[in-house]
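What follows is the residue order along each chain.
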Amino acid sequence: MVRILGFLVGLGFVGVAAWSLLWGVIAYVGDPPAKTAEHRLHEEPRNISYSFDGPFGRWDRQQLQRGFQVYKEVCAACHGLNLVAFRNLSELGYNEAEVRAIADQWPIQVPSINPDTGEPATRKAIPADNFPDPYPNEVAARAANNNALPPDLSLIAKAREGGAAYVESLLTGYHAAPAGFEVPPGLHYNPHFANLNIAMPPPIAADGQVTYGPGNPPATRAQMAHDVSAFLMWAAEPNLERRHAAGLWTLVFLIFGTILAYMAYQNVWAGRKH
Amino acid sequence: MSFPWAEEYRPKNAFMRYLDDRLPLPRLVYNSVGGGYPVPRNLNYMWNFGVLAGLALVIQIVTGIVLAMHYNSNAETAFTSVEHIMRNVNQGWFLRYAHANGASFFFIVTYLHIFRGLYYGSYKAPREMVWMLGLVIFLLMMATAFMGYVLPWGQMSFWAAKVITGLFGAIPLVGEPIQNWLLGGYAPDQPTLTRFFSLHYLLPFVIAGVIILHIWALHIPGSSNPTGVDVKSPQDTLPFHPYYTAKDGFGAGLGMILLAILIFFLPNYLGDPVNYVPADPLSTPSHITPEWYFWPYYAILRAFTVDFILPAKLWGVLAMFASILLLFFLPWLDKGPVRSGRYRPKFRIFFWILMLDIAVLGWLGGLPAEEPYVMASQAATIYYFAHFLIILPILSAVERTLPLPLSISESVLGGEEAEAPPTDLSGTAPAQA
């Protein structure tokens, strides 16, 4: 009885799926879906290597400091970093006084209240604060950016397929649209962006846009894009170095334990056929 | 339970004797996973995954309880509370990555456990109840995993909640009220998040309870084995402890190595990057997908694209649920008396086609619903249902199986002289070869 009912139910699902398939094939053969512009022109992130790649990957702190400088001087005007605190910058190699100075001189102040009147006010940031948002709210952000919303960058390197390489590819990927492709007004062609038209104007426009300190490589556009992408990876995954180190020791421990377990297994089963 | 030659629990000291007389808990453990449970001696590594699944549940409960101490089930702050765990809680990143990848690990070992049951006919009499309780565990796992995925309240969390509860909306008449009842509103919002958190905390303990029933039911006939031949004599078995505890220890070591590689070196590999974007009800992601372990069902759901008496969406929902529910009837769909795929040459071919089919469905489920992927998933869906509901019942009636070994010990020892049964069933003495 179960088998007869099962057979009928099976025929039902198989039949309807086959019916769907038939119509799908007819539609596909009769009118093959045209490739959209996104399909033709979209480019995957470039293959870029970073110091933090692989199980032994570590931060290049000098690079993170340069990347932070690019963020501060180029990105921070529009993009927040609200999950990162100023105190976290000590992990980039800044000492306590430097962190305090960075927080104190941050161009955007932290929302607060006036201690005398209780009215909304702002104050200077301290190391314990997270990076303040550049706009008070979404409406203000859109109003200032031609109705586009600049995303917060705290997690951007983990929130896009391709990670840091996506960010770097996007930053360096602006070029003239191919012939016949119309870019809507106010948008910019970038084949690494999902729908090819990005509202953000090319942020890294010229070599030397940021002045790196002595002992650093020249601030070419490629170098700045590379550095800020690494910095954003740090912002998204500040525990990466600790994770890699803990992982290696954990694996050493587990492999040792597993070898012991295997030997115990062989010992217990010695002489037992199975 | 199980076999007459099962070693009886003998308390080793006065305290255990005292305890055993009043609360025979040590006896229960001894008879369940100790020296008192005789297990076929010929189990291969595919029999390691039950214990590994139990271990995965323990990992999920332990990491989950600690995560719940720091997580905030408020729609405004849930996302930032997860990032707070990642950034500010001591070893919080480890807890969260262990929990997220632990879920994947749980599904990996559970799928292998289920596939082993399919190949070796573990669902057949007298183990139907073991099989069905296992499926109940699997369904509970899916519900728990789905609700857990919603908790970080990222974009994919939100839209997964919307799409999955929307499936119930496809049911005629009562669909929409059911959907609203599940969500606690018309769209995922605060009530959804709070109830999912509550249920996500509850269900693992329900799973633990059903696991006890699963093991209880298993211990009536005892474990199956790669030959599928019933245990006939003490020669066929070895006590669970120390033989299989030792083997499971090795298996657990390998499992933990895999999990550690995921946690420490590929923590986001199996996840969707879009879930690192906070939930936004006004912006639909271009490509909504569930986590990888749901991809085969998602492909089946999307394979039904044409209305036929019922709306296409309803067909998809029915097929998706049927794809799992039909497994409850498997013991009666496949009536062949031979359990193990080893002795069923035709079955074996179809089994491997099914494995390939499920892999293809899984691959397609993660891709966008575009042609030619939809056509491929339709073809794969056809095979999935045909395999269980049409091929298997016919095959089990007409197939010619290979001769079975007379007993487990015969298959193990071949033509050699029989090995004496273990004299000391507590198993610490070396074998008398």
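Reading the values: rules and limits
Residues numbered from 1 in each chain as written. Chains lettered and ligands numbered in written order. Predicted model: local features only at pLDDT ≥ 70, side-chain atom pairs only at ≥ 80, totals over all residues. Helix = DSSP H or I, 4+ residues; strand = E, 2+ residues; numbered from the N terminus. Rg over C-alpha atoms; globule rule 2.2 N^0.38 Å. Buried ≥ 20, exposed ≤ 12 C-beta atoms within 10 Å, placed from the backbone. Contact = placed C-beta atoms within 7 Å. Domains from an automatic or database assignment. Nonpolar A, V, L, I, M, F, W, Y, C, P; charged D, E, K, R; others polar. Axes fitted to C-alpha atoms, helices over the stretch in contact; angles between N-to-C directions. Parallel < 35°, antiparallel > 145°, perpendicular 65-115°, else oblique. pLDDT = per-residue confidence, 0-100. Pairing = 2+ DSSP bridges. Expected span 1.5 Å × (residues − 1). Left-handed = near helix turned anticlockwise from the far one by under 90°. Core = buried A, V, L, I, M, F, W, Y, C linked by C-beta atoms within 7 Å.

A. The arrangement of the overall build of chain A in detail. A count of helices and strands for chain A gives eight helices and four strands. The secondary structure elements of chain A, listed N-terminal to C-terminal, are α-α-α-α-β-β-α-α-β-β-α-α. By the compact-globule yardstick of 19 Å for 274 residues, chain A is too spread out, its C-alpha radius of gyration being 27 Å. C-alpha extents for chain A along the principal axes are approximately 85 × 65 × 50 Å.

B. Representation of the overall build of chain B within the structure. For chain B, the helix and strand inventory stands at 16 helices and two strands. A globule of 433 residues ought to have a C-alpha radius of gyration of about 22 Å, and chain B, at 24 Å, matches this closely. Looking at the 433 residues of chain B, the share that counts as buried comes to 48%. Partitioning the contacts of chain B with sequence separation of at least 6, the portion at a separation of at least 24 is 77%.

C. Here's a closer look at the domain arrangement of chain A. Residue and element names in this part refer to chain A. Entries for chain A in the domain assignment read domain 1 (40-84 + 130-237) and domain 2 (239-274). Here domain 1 and domain 2 have C-alpha centroids that lie 42 Å from each other. Across the contact, seven residues belong to domain 1 and six residues belong to domain 2. Residue classes in the side of domain 1 that touches domain 2 are distributed as four nonpolar, one polar and two charged.

D. Examining the environment of Leu361(B) more closely. All names here are of chain B. Position of leucine 361 relative to the elements: it lies in helix α14 (residues 345-365). Sequence separation of leucine 361 and glycine 175 is 186 residues, and the distance between their C-alpha atoms is 27 Å. Apart from residues lying up to four places away in sequence, leucine 361 is in contact with Pro296, Ala299, Ile300, Ser377, Ala380 and Tyr384.

E. Focus on the packing of helix α6 (residues 128-150) of chain B against helix α7 (residues 155-168) of chain B. Residues and elements named next belong to chain B. Their axes nearest at 7 Å, the elements α6 and α7 cross at an angle of 135°. Comparing the axis directions of α6 and α7 gives the class oblique. Only Ser157, Ala160, Ala161 and Ile164 of α7 make contact with α6, whose side of the interface consists of Phe146, Tyr149 and Val150. By residue class, the composition of the contact of α6 with α7 is six nonpolar, one polar and no charged.

F. Structural context of the confidence of the model for chain B. Residue and element names in this part refer to chain B. Mean pLDDT over chain B: 92, with 95% of residues reaching 70 or higher. When the criterion is pLDDT under 50, residues 423-433 qualifies, and its contacts beyond four places in sequence or with other chains add up to 24 contacts. Both scores are available for the predicted complex, with the pTM at 0.94 and the ipTM at 0.94.

G. Spotlight on unusual backbone geometry. For the bond from His241(B) to Pro242(B), the omega torsion is 10°, close enough to zero to count as cis. Within the chain, Asn146(A) stands out as a residue other than glycine whose phi angle is a positive 60°. Positive phi outside glycine occurs at Trp153(B), with the angle close to 55°. Relative to the helices and strands, Trp153(B) is located in the loop between α6 and α7.

H. The arrangement of the pairing of strand β2 (residues 120-123) of chain A in detail. All names here are of chain A. Two strands pair when backbone bridges link them, and strand β1 (residues 110-113) and β2 are joined in this way by four bridges, in the antiparallel orientation. Residue pairing for β2: valine 110 is matched across the bridge by arginine 123. Hairpin remark: β1 followed by β2, antiparallel, with six residues in the connecting loop; positive phi at glycine 118, about 80°.

I. How the structure looks around the interface of chain B and chain A. Taken together, the contact pairs 55 residues of chain B with 50 residues of chain A. For the side of chain B that touches chain A, the elements supplying multiple residues, two or more each, are α4 (78-87), α10 (240-265), α12 (312-325), α13 (330-333), α15 (373-398) and α16 (408-413) of chain B. In terms of residues, the side of chain B that touches chain A owes the most to one element, α10(B), which gives 13 residues. Here the side of chain B that touches chain A is built from residues that sort into 41 nonpolar, eight polar and six charged.

J. Representation of the confidence of the model for chain A within the structure. Averaged over every residue, the pLDDT of chain A is 93; residues scoring 70 or more account for 100%. Here helix α2 (residues 37-41) of chain A stands out as the element of chain A with the lowest mean pLDDT, 80, in contrast to helix α8 (residues 240-269) of chain A, whose mean of 97 is the highest.

K. Local environment of helix α7 (residues 221-236) of chain A. For α7(A), with 16 residues, the first-to-last C-alpha span of 22 Å sits near the 22 Å given by 1.5 Å per residue. In terms of burial, α7(A) is a largely internal element, 13 of the 16 residues being buried.

L. Highlighting the packing of helix α1 (residues 2-30) of chain A against α15(B). Between α1(A) and α15(B), whose axes approach to 8 Å, the crossing angle comes to 160°. Here α1(A) lies roughly antiparallel to α15(B), going by the angle between them. The two elements α1(A) and α15(B) cross, and the hand of that crossing is left-handed. When the residues that make up the contact of α1(A) with α15(B) are grouped by side-chain class, the tally is 18 nonpolar, six polar and one charged.

M. Looking closely at the domain arrangement of chain B. All names here are of chain B. Per the domain assignment, the segments of chain B are domain 1 (30-267) and domain 2 (294-402). The distance between the C-alpha centroids of domain 1 and domain 2 comes to 23 Å. Taken together, the contact between domain 1 and domain 2 spans 19 residues of the former and 15 residues of the latter. The set of elements that each furnish at least two residues to the side of domain 1 that touches domain 2 consists of α5 (92-120) and α6.

N. Looking closely at the environment of Lys162(B). Residues and elements named next belong to chain B. On the secondary structure map, lysine 162 appears in helix α7. We classify lysine 162 as buried; it has 20 C-beta atoms within 10 Å. Linking lysine 162 and proline 188, residues 26 residues apart in sequence, is a C-alpha distance of 6.2 Å.

O. Spatial organisation of the nonpolar core. One finds Ala56(B), Phe106(B) and Ile300(B) to be the most contacted residues of the largest nonpolar core, which totals 100 residues. When residues are assigned to domains, this core turns out to be shared by domain 1 (30-267) and domain 2 (294-402) of chain B, each giving three or more. Once you skip the residues sitting within four places of it in the chain, Phe106(B) turns out to touch Ala53(B), Ala56(B), Leu57(B), Gln60(B) and Met141(B). With 45 residues, the next largest nonpolar core counts Trp59(A), Ala85(A), Ala165(A) and Phe231(A) among its residues.

P. Inspection of the environment of Gly175(B) at higher detail. All names here are of chain B. With respect to the helices, strands and loops of the structure, glycine 175 is situated in helix α8 (residues 175-183). Residue glycine 175 is classed as partly exposed on the basis of its C-beta count, with 17 C-beta atoms lying within 10 Å. For the pair glycine 175 and serine 411, spaced 236 residues apart in the sequence, the C-alpha separation amounts to 54 Å. If near-sequence neighbours (up to four positions away) are discounted, glycine 175 is found in contact with Phe168, Gly169 and Ala170.

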